[in-house]
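Now for the letters of each chain:
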Amino acid sequence: MLHPVVLSGGSGTRLWPLSRQNQPKQFLALIGDRSLYQETVLRASRLPGAAAPVTVCSDEHRFMVGEQLQAVGLANGGILLEPAARNTAPAIALAAWHLASRDPDALMLVLPADHLIEDEAAFREAVTHAVGLADAGWLVTFGIRPDYPETGYGYILRGDPLDAAGFAVRRFVEKPDAATAETYVADGGYSWNSGMFLFRAARYLEELERHAPVMADAARRAYADARVDLDFMRIDADAFAASPADSIDYAVMEKTTHAAVVPVSCGWSDIGSWSALWSVAERDSDGNRYEGDVISIDTTGSLVRASERRMIATLGVDDLVIIDTADATLVARKDRVQDVKRIVEQLEAAGRQEHLFHRRVLRPWGSYDSIGVGVRFQVKKIVVKPGASLSLQEHAHRAEHWIVVSGVAEVTCDDRVFVLRENESTYIPLGSVHRLRNLGTVPVELIEVQSGGYLGEDDIVRHEDVYGRT
């Protein structure tokens, strides 16, 4: 059976300020109404004989993965929680152990969560061809036929043909300079390295053991000591920490004698920058892509994305990227957006939060939006989903006032349990053990006013939590 394995560990720093550590680009709706992750799992689900997708992600994104799968009506084939980032080779090994323990003949279709594929029929045909090679023991990668001399991708040089569509890999090459990239495109034998793979789980584990035995042993022990937590599988952190951090290309594909490539033209993009998004998005006659409330005069070749909170106006500009969010705005030349990660590095060095969180933060029970901050106070809008509950908790440094603006909330405060309806409020004293629960069928919206000497999110002690966060 064909098992899609979706790798969802990236942080998408080049798409800041929309992509943040707590909500990276794969979970954003950048083109259309669904996220890149949702498009990836849906595309995989439509392949002949495909099983439910396996997802490898970080602990902080686990509920986002579960909710996005539910939103598109797909079953969960396993959500494996990486305890630390170790690059693609160990992550794929975890998924391989997960599948091989259930199906000795499992075929793994490894897909990054954040790629765009516009020609699904061509992709499906390439996968069908690759299945035959994988059944014969080859480790297959998909090479994208290059449209232009791109310097941001690695390349694959084809060797001898193996069948009507596949070739042995002669060599993998690093990201080239512009002149070298031009020679690769002119040669005709090179493809872009897509980072998508197809092989039997058991064959990958064999090759990993042969070429990276320390990594193979760490992944084996980490999966063997994993534990189930709700709908997730928590990989053992100590065992996984012993694994070297390396990509599948370096650890296996460049060393094995059984690497094959299936070239394909399928409208592929890794959406690695704002300029890449502009290039694949629908644009007007002046080459502009507008999203949200935008007024534009004498503007060409630009990508402008307004937030829900304000309008953006442009006048007499060319080739710009303007991305507005609730707490940060990016203005950059389109040819400089590869350097956006330098802004993220500066934010991190300065100890700021704008690269980590949006102002509106998603939680498994709903969301909160910090709408006002001052000395010794903070105001939040909190939305609690129907049937959801915050943890039973207490704070050491702050008190809280809750005002319900819609819905009906059940409140626990120490030994009292009572109901708050629209336009009613309550006070949660410092140190009180408290909880808010939505027992209704519509979201509860409330305004929370915090006051105290320290208002950080880490001032919380959880006594009970349905999401396993105690």
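Residues numbered from 1 in each chain as written. Predicted model: local features only at pLDDT ≥ 70, side-chain atom pairs only at ≥ 80, totals over all residues. Heavy atoms only, no water.

**Here's the deal with the overall build of the protein**
Turning to step 1, where the next piece is worked out: Summing up its helical and strand segments, the protein has 11 helices and 30 strands in all.
Turning to step 2, where the next piece is worked out: Here the protein has a C-alpha radius of gyration of 24 Å; the compact-globule value for 470 residues is 23 Å, and the two agree.
Turning to step 3, where the next piece is worked out: C-alpha extents for the protein along the principal axes are approximately 75 × 60 × 40 Å.
Turning to step 4, where the next piece is worked out: Counting only residues that meet the buried cut, the protein has 53% of its 470 residues in that class.
Turning to step 5, where the next piece is worked out: Relative to all contacts within the protein whose residues are 6 or more apart in sequence, the contacts with residues 24 or more apart total 68%. (Helix = DSSP H or I, 4+ residues; strand = E, 2+ residues; numbered from the N terminus. Rg over C-alpha atoms; globule rule 2.2 N^0.38 Å. Buried < 20%, exposed > 50% of the residue type's maximum accessible area, 1.4 Å probe, protein only. Contact = heavy atoms within 4.5 Å.)

**So, a nonpolar patch on the surface**
Turning to step 1, where the next piece is worked out: On the surface, a cluster of nonpolar side chains totalling about 400 Å² of accessible area is made up of Ile295, Ile297, Met311 and Leu315.
Turning to step 2, where the next piece is worked out: Locating Leu315 in the fold gives a position in strand β17 (residues 312–315).
Turning to step 3, where the next piece is worked out: Note on Leu315: relative accessible area 62%, which makes it exposed. (Patch = residues over 30% accessible without salt bridge, like charges linked within 9 Å, V, L, I, M, F, W, Y side chains within 5 Å. Areas by Shrake-Rupley, 256 points an atom, 1.4 Å probe, with all protein chains shown as cover. Salt bridge = Lys/Arg side-chain N within 4 Å of Asp/Glu carboxyl O.)

**What to know about the side chain of His61**
Turning to step 1, where the next piece is worked out: Mapped onto the secondary structure, His61 falls in the loop between β2 (54–58) and α2 (62–71).
Turning to step 2, where the next piece is worked out: A relative accessible area of 4% means that His61 is categorised as buried.
Turning to step 3, where the next piece is worked out: Polar contacts involving the side chain of His61 include one to the side chain of Ser58, which spans 3.1 Å.
Turning to step 4, where the next piece is worked out: Aside from chain neighbours lying at most four places away, what touches His61 is Ser8, Gln21, Asn22, Gln23, Pro24 and Phe27. (Polar contact = N/O pair within 3.5 Å; in protein donor to acceptor, adjacent residues only side chain to side chain.)

**Here we look at the sheet that holds strand β21 (residues 366–374)**
Turning to step 1, where the next piece is worked out: If you trace the 6 strands from one edge of the open sheet to the other, you get β20-β21-β22-β29-β24-β27, paired in antiparallel fashion. Across the chains shown, the open sheet's two edge strands, defined by having one partner strand only, are β20 (360–363) and β27 (425–428). Each neighbouring strand pair of the sheet contributes to a mean axis angle of 20 degrees, computed without reference to strand direction.
Turning to step 2, where the next piece is worked out: Here β20 pairs with β21 via 4 bridges, running antiparallel. (Pairing = 2+ DSSP bridges. Axes fitted to C-alpha atoms, helices over the stretch in contact; angles between N-to-C directions.)

**Points about the sheet that holds strand β18 (residues 320–324)**
By way of backbone hydrogen bonds, the strands of a sheet pair with one another, either parallel or antiparallel.
Turning to step 1, where the next piece is worked out: Within the open sheet, the 4 strands sit side by side as β14-β16-β18-β19. Their pairing is mixed. Sheet topology places β14 (289–291) and β19 (329–333) at the edges, where each strand pairs with a single neighbour. Across this sheet, the average inter-strand angle for adjacent strands is 5 degrees, counted without regard to direction.
Turning to step 2, where the next piece is worked out: Where β18 and β19 come together, 5 bridges link them in antiparallel fashion. The residue of β19 that forms the bridge with Ile322 is Val331.

**Regarding the domain arrangement of the protein**
Turning to step 1, where the next piece is worked out: Partitioning the protein into structural domains gives domain 1 (2–269), domain 2 (282–339) and domain 3 (360–464).
Turning to step 2, where the next piece is worked out: Using only C-alpha atoms to locate each centre, domain 2 and domain 3 end up separated by 37 Å. (Domains from an automatic or database assignment.)

**Section: the environment of Phe123**
Turning to step 1, where the next piece is worked out: Within the element layout of this structure, Phe123 appears in helix α4 (residues 120–135).
Turning to step 2, where the next piece is worked out: Given the relative accessible area of 2%, Phe123 is considered buried.
Turning to step 3, where the next piece is worked out: When the C-alpha positions of Phe123 and Leu47 are compared, they lie 9.4 Å apart, and in sequence the two are 76 residues distant.
Turning to step 4, where the next piece is worked out: Setting aside residues no more than four positions away along its own chain, Phe123 makes contact with Arg43, Leu47, Leu109, Leu111, Ile117, Met196 and Cys266.

**Points about the packing of aromatic side chains**
Turning to step 1, where the next piece is worked out: The full count for this structure, using the stated rule, is 11 aromatic pairs.
Turning to step 2, where the next piece is worked out: Plain terms: the ring middles of Tyr148 and Trp192 are 5.2 Å apart, the flat faces sit at 70 degrees to each other, and that makes the pair edge-to-face. Taken together, the positions of Tyr148 in the loop between β6 (139–144) and β7 (155–161) and Trp192 in strand β9 (residues 190–200) put the pair 44 residues apart, joining distant regions of the chain.
Turning to step 3, where the next piece is worked out: Taking the relative accessible area as the measure of exposure, Tyr148 reaches 39% and is therefore partly exposed.
Turning to step 4, where the next piece is worked out: For the ring pair Phe199 and Tyr204, a centre distance of 5.0 Å and an interplane angle of 10 degrees mean the geometry is stacked.
Turning to step 5, where the next piece is worked out: One aromatic cluster is present, formed by Tyr148, Tyr153, Trp192 and Trp268 through successive ring pairs.
Turning to step 6, where the next piece is worked out: Its end group placed over the ring of Trp278, Arg283 keeps NZ or CZ at 4.2 Å from the ring centre.
Turning to step 7, where the next piece is worked out: Positioned over the ring face of Trp278 is Lys334, at 3.9 Å from the centre of the ring. (Phe/Tyr/Trp six-rings, centres within 6.5 Å; stacked < 30°, edge-to-face > 60°. Lys NZ or Arg CZ within 6 Å of the ring centre and 35° of its normal.)

**Overview of the UniProt feature "domain: Mannose-6-phosphate isomerase type II C-terminal" (unreviewed entry) in the protein**
Turning to step 1, where the next piece is worked out: If you check UniProt for "domain: Mannose-6-phosphate isomerase type II C-terminal" (unreviewed entry), the listed places come out as residues 351–465 in our numbering.
Turning to step 2, where the next piece is worked out: Helix makes up 0% of residues 351–465 and strand 57%, and the two end C-alpha atoms of the span are 30 Å apart. (UniProt positions renumbered as here; feature names shortened; annotations may be inferred.)

**Looking at the pattern of salt bridges**
Opposite charge on two side chains allows them to pair when their charged atoms are near.
Turning to step 1, where the next piece is worked out: Scanning the entire structure with this criterion turns up 29 salt bridges.
Turning to step 2, where the next piece is worked out: Across the pair Glu291 and Arg305 runs a salt bridge, and its minimum N-O distance is 3.0 Å. Taken together, the residues span a long stretch of sequence, with Glu291 in strand β14 and Arg305 in strand β16 (residues 303–305) at a distance of 14 residues.
Turning to step 3, where the next piece is worked out: For Glu291, a relative accessible area of 16% puts it in the buried group.
Turning to step 4, where the next piece is worked out: Its relative accessible area of 15% is what places Arg305 among the buried residues.
Turning to step 5, where the next piece is worked out: Here Arg336 makes a salt bridge to Asp339, at a shortest N to O gap of 3.0 Å.
Turning to step 6, where the next piece is worked out: Taken together, the shared-partner salt bridges in this structure form one network comprising Asp59, Arg62, Asp229 and Arg234.

**Considering helix α3 (residues 88–100)**
Residues three or four positions apart in an α-helix share a direction because the helix packs 3.6 residues into each turn.
Turning to step 1, where the next piece is worked out: Compared with the 18 Å implied by 1.5 Å per residue over 13 residues, the 18 Å span of α3 between its first and last C-alpha is a close match.
Turning to step 2, where the next piece is worked out: The buried count for α3 comes to 10 of 13 residues, which makes it a mostly enclosed element. (Expected span 1.5 Å × (residues − 1).)

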